[in-house]
Amino acid sequence: MEPKMEHVSVTLPVSNEPLIVTSVGSRKSLKRHWNQLSRFQKNLACIFLAGCCIFYIVFFMLPLDDPSRSSDSNVIDSLEHIQIAPFKERHERVIAQSVVKEVKLTDSHREGNAPTEEAQAVAVGQPPDTSPGPALEIVREEPKEIVDNEENVLEENHRAAFPGAKDFKGPTNERQRAVVEAFQHSWKGYKEYAWGHDNLKPISMGYSDWFGLGLTIIDSLDTLYIMDLQDEFDEARTWVEKYLKFDVNREVNLFEVTIRVVGGLLSAYHLSGDRMFLDKAIDLGNRLLPCFDSPSGIPFSDVNIGTLTAHAPKWSPDSSTSEVTTIQLEFRDLSRSAENPVFENVAARVNLKVHELDKNEGLVPIFINANTGLFRNFATVSLGARADSYYEYLLKQWLQTGKKNDDYLIEDYRQAMSGVLNQLVRTTPNEKHVYIGELINGKDFKPKMDHLTCYLPGTLLLGYKNGMPKTHHRLATDLLETCYQTYMKQPTQLAPEITYFNVNGESETDIYVKTNDAHNLLRPEFIESLYYFYAITGNRTYQDMGWTIFQAFNRYTKVKNGYTSIGNVKNPLNTRPRDMMETFWLGETLKYFYLLFSDDRNEIDLDRYVFNSEAHPLPIRDHV
């Protein structure tokens, strides 16, 4: 008997099919072979594999024109940054293979339609919406030859001269240069952290939007031009031309947008001669017209500039009196500049309707109803918030038309100032500070004066310069001194938002501040009055008063990335910064400081220009 065979040999047929090997066997085989290698062989294998990975990444995964290959890694931080700040610092050497020049929209937008939501988001620095929509076309620009000659670079980028452009020489003394430095410090923070948004939050390095229209940029245009900051003006102009769009679904306030945006664009147009600013103002003006389609002709306070629907404020059926009577300078100038009478006509009708209402010696309540066209019964009478610029625009409209038209406006102004003298002016018992109070319920006197009221000394003096009685000059001088003391009485030498005055000895001091009113918002009104006093009289004492206050702003409101409003002017050790830089800091306060410190007190000729309520100079017209 033959022995039993323990192994069977089987020959498999030849096939073209791939041999399938189980993963378990494969892993065991690879591991066994790896363990059989020497340490030297293992090291060589690792080096070889690492080299292959690097070779693959460099030549297959990384684009040849990737900005990260540039020797300057800061040239392009992000697509959003390029869109928001199209100008880099003029003296910065830019080295790159290619740069993203601009984002162009689809063909429909190039034909003039509304921008996509993605483009709008990029324009204000928001991450674009990634939902399906029109594609963006990225256009790349070939690298340009680097120019080391600084003079040639500045000449190439120099602001274009337009017909009628006004020439400004820039700062001529140390005080003006200090103001320019403050502006540039504020602008740098805004540009870095809030470009395209309404307000900078300098402490948290963020932004705050009110209407989403780049208010700080527009409010700053004429300040930049007056200070001769050409590079910054070019940056702002480019943003306005490319990214300021009004065909958007957005609710805005008629008054605020008129004085800031329409006024800012018109002023930039008149100073620079650049028609682009006027075209933008006309577009916005047309979108504000629905406000005037009310039952009474008194405009609604709010309008959606996209849907063109207007309404009263959501918090009340009434508008502020100042809101409906502080649009006429801008609308009249818009009509004269655009040669379209519709803007002036609708605003002038508001003048006439308010003129025909009953008043208390020319004094008006702070609320008015757009549906009925009547003042609110028993409303407060004040020259502060919600009524201040009504009185200001009575005088300035008369000046704007060359003192030839709308005589009822100057009569209303005279009567109102008589009512102020008879009913609102008081003097403190000890230090004899002259101030203006309020009438609560239209009759009960309250010794409270807003900082906003400190515009009045300058307005009174401007009126006196143009023929108003001497009593206006006396009140202007007394009130200016009181406003100055609201600054000097505080340890920070900064005024509070609201000041109270001693009447019958109820306070130990004649000037006192309540805790809730101790904030300072970087407001311009008193500096505005100082400017008028210096420009009209030439007395340099007013410059010294302003310099003291400017230094206080530098001491207590300047922070790393700009300037901030503060919550407490009563304690230098605890000012409670509020992390907000309002647009009027750049548009008004620093502009008035700069003009106040000028060696030429006629740098803005008050016989040729009138400032609107947001400090935007508009031309005085000698014709109807």
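Now for a description of the structure that goes with this document. (Residues numbered from 1 in each chain as written. Predicted model: local features only at pLDDT ≥ 70, side-chain atom pairs only at ≥ 80, totals over all residues. Heavy atoms only, no water.)

## Here we look at the nonpolar core
- Grouped together as the largest cluster of nonpolar side chains are 150 residues, with contacts concentrated most on L265, L288, Y391, F526 and L590.
- It is helix 10 (residues 254–272) that contributes the most residues to this core, 11 residues altogether.
- If sequence neighbours within four positions are ignored, Y391 has contacts with G362, L363, V364, S382, L383, Y413, A416, M417 and Y455. (Core = buried A, V, L, I, M, F, W, Y, C linked by side-chain atoms within 4.5 Å. Buried < 20%, exposed > 50% of the residue type's maximum accessible area, 1.4 Å probe, protein only. Helix = DSSP H or I, 4+ residues; strand = E, 2+ residues; numbered from the N terminus. Contact = heavy atoms within 4.5 Å.)

## A short note on the pairing of strand 15 (residues 498–501)
- Side chains I498 and Y500 project from strand 15 onto one buried face, and the interleaved T499 and F501 project onto a second face that is buried too.
- Across three bridges, the pairing between strand 14 (residues 448–450) and strand 15 is antiparallel. Looking at the pairing, D450 lines up with I498 of strand 15. (Pairing = 2+ DSSP bridges.)

## Comments concerning the pattern of salt bridges
- Evaluation of the coordinates by the stated rule reveals 22 salt bridges.
- Notably, a salt bridge pairs R175 with D544, separated by 3.1 Å at the nearest N-O pair. Remark: D544 occurs in helix 20 (residues 541–556) and R175 occurs in helix 7 (residues 174–193); sequence separation between them is 369 residues.
- Overall, the relative accessible area of 26% leaves R175 in the partly exposed class.
- With a relative accessible area of 40%, D544 lands in the partly exposed category. (Salt bridge = Lys/Arg side-chain N within 4 Å of Asp/Glu carboxyl O.)

## Quick word on the packing of helix 14 (residues 342–356) against helix 16 (residues 407–424)
- Running from N to C, helix 14 and helix 16 point in directions that differ by 45°, and their axes come no closer than 11 Å. Between helix 14 and helix 16, the angle falls in the class oblique. Crossing of helix 14 against helix 16: the hand is left-handed. Contacts between helix 14 and helix 16 involve A348, N351, L352 and H355 from the former and Y408, L409 and D412 from the latter. (Axes fitted to C-alpha atoms, helices over the stretch in contact; angles between N-to-C directions. Parallel < 35°, antiparallel > 145°, perpendicular 65-115°, else oblique. Left-handed = near helix turned anticlockwise from the far one by under 90°.)

## Quick look at helix 20
- Taking 1.5 Å per residue, 16 residues should reach 22 Å; helix 20 reaches 23 Å between its end C-alpha atoms and fits that length.
- Residues of helix 20 that are buried include every one of Y542, Q543, M545, G546, W547, I549, F550, A552 and F553, and no others.
- Contacts made by the buried residues of helix 20 are with helix 7, helix 18 (470–488), helix 19 (525–537), strand 17 (558–559), strand 18 (562–563) and helix 21 (583–596). (Expected span 1.5 Å × (residues − 1).)

## Looking at the sheet that holds strand 7 (residues 309–311)
- Across the sheet, three strands lie side by side as 5-6-7; this open sheet has antiparallel pairing. At either margin of the open sheet sits one strand with a lone partner, and together these are strand 5 (251–253) and strand 7. Ignoring strand direction, the axes of neighbouring strands in this sheet form an average angle of 25°.

## Things to note about the sheet that holds strand 15
- If you walk across this open sheet you meet the three strands as 14-15-16, and the pairing is antiparallel. The open sheet is flanked by strand 14 and strand 16 (511–512), the only strands paired with a single partner.
- Pairing of strand 15 with strand 16, which is carried by two bridges, proceeds in the antiparallel orientation. Opposite Y500, over in strand 16, you have Y512 as the bridge partner.
- Relative to the sheet, helix 18 contacts strand 14, strand 15 and strand 16, its axis offset from that of strand 14 by approximately 85°.

## A look at the packing of helix 7 against helix 21
- Axis separation between helix 7 and helix 21 bottoms out at 9 Å; the angle between their running directions is 165°. Judged by the angle between their axes, helix 7 and helix 21 are roughly antiparallel. In the packing of helix 7 onto helix 21, the handedness of the crossing is left-handed. From helix 7, Q176, V179, V180, A182, F183, S186 and W187 reach across to helix 21, where they touch W585, L586, L590, F593 and Y594.
- Broken down by class, the residue content of the contact of helix 7 with helix 21 amounts to 10 nonpolar, two polar and no charged. (Nonpolar A, V, L, I, M, F, W, Y, C, P; charged D, E, K, R; others polar.)

## A look at the environment of M468
- With respect to the helices and strands, the residue M468 is situated in the loop between helix 17 (456–465) and helix 18.
- Judged by its relative accessible area of 3%, M468 falls in the buried class.
- In this structure, the C-alpha to C-alpha distance between M468 and Y413, residues 55 residues apart in sequence, is 9.8 Å.

## Side note on the packing of aromatic side chains
- Using the criterion set out here, one finds 30 aromatic pairs in the structure.
- Measuring from ring centre to ring centre gives 6.1 Å for W315 and F367, while their planes differ by 65°; the resulting arrangement is edge-to-face. Here F367 lies in strand 9 (residues 367–369) and W315 lies in the loop between strand 7 and strand 8 (318–320), a separation of 52 residues in the sequence.
- When its relative accessible area of 52% is taken as the criterion, W315 is described as exposed. (Phe/Tyr/Trp six-rings, centres within 6.5 Å; stacked < 30°, edge-to-face > 60°.)

In short, geometric facts, not functional conclusions.
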